Amino acid sequence: MKSVRGCTNQECDSYKENVHYKKDFDYCPKCGSQLMAVCRSRSCHTFLDNPDGIYCARCLAKRKDSADHAKKNITAIGGGLLVAGSFVAKNSKTIISVAAKAIKFLPK
Ligand SMILES: [Zn+2]
Ligand SMILES: [Zn+2]
């Protein structure tokens, strides 16, 4: 998958129609404006900071979403467990320290 470029001139038809040019084009053949790496998604018109970038962060996330939805769900569950686990660990630590303090006040 190669990155594509788009016209940066908002007045230009290339820009309006979201025409994508090959990476070896540096300037728009219609208006002569400099081309910039643009998100490859048809409906998206986000210019990319990275000249080798193919999709913008949003579309990348969207594509990843549909590509490995199941995988993502598993990761989300795993992450949730991890958070829950650390929460419990944190709490039990508090409980232990509270208990330790309480023990000090217990009559011997
Ligand atoms: Zn143009
Ligand atoms: Zn995009």
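Residues numbered from 1 in each chain as written. Chains lettered and ligands numbered in written order. Predicted model: local features only at pLDDT ≥ 70, side-chain atom pairs only at ≥ 80, totals over all residues.

Draft legend 1. Expanded view of the overall build of the protein chain. Scanning the protein chain for helices and strands turns up three helices and two strands. For the protein chain, the sequential pattern of α-helices and β-strands runs β-α-β-α-α. Here the protein chain holds 108 residues, and the buried ones make up 11% of them. At a minimum sequence separation of 6, the contacts of the protein chain that also span at least 24 residues come to 28%. (Helix = DSSP H or I, 4+ residues; strand = E, 2+ residues; numbered from the N terminus. Buried ≥ 20, exposed ≤ 12 C-beta atoms within 10 Å, placed from the backbone. Contact = placed C-beta atoms within 7 Å.)

Draft legend 2. Quick peek at the environment of Leu-60. Considering the arrangement of structural elements, one finds Leu-60 in helix α2 (residues 57-67). For the pair formed by Leu-60 and Cys-39, sequence separation is 21 residues and the distance between their alpha carbons is 9.3 Å.

Draft legend 3. Spatial organisation of the environment of Leu-35. Note on placement: Leu-35 falls in strand β2 (residues 35-38). Leu-35 gets classed as buried once you count the C-beta atoms within 10 Å, which come to 22. Sequence spacing of Leu-35 and Tyr-21 is 14 residues, and the spatial spacing of their C-alpha atoms is 8.3 Å. Ignoring anything within four residues of it in the chain, the contact list for Leu-35 reads Arg-5, Gly-6, Cys-7, Thr-8, Tyr-21, Phe-25, Asp-26, Tyr-27 and Cys-28.

Draft legend 4. Here's a closer look at the environment of Phe-25. Residue placement: Phe-25 occurs in the loop between α1 (13-16) and β2. What makes Phe-25 partly exposed here is the crowd of 14 C-beta atoms within 10 Å.

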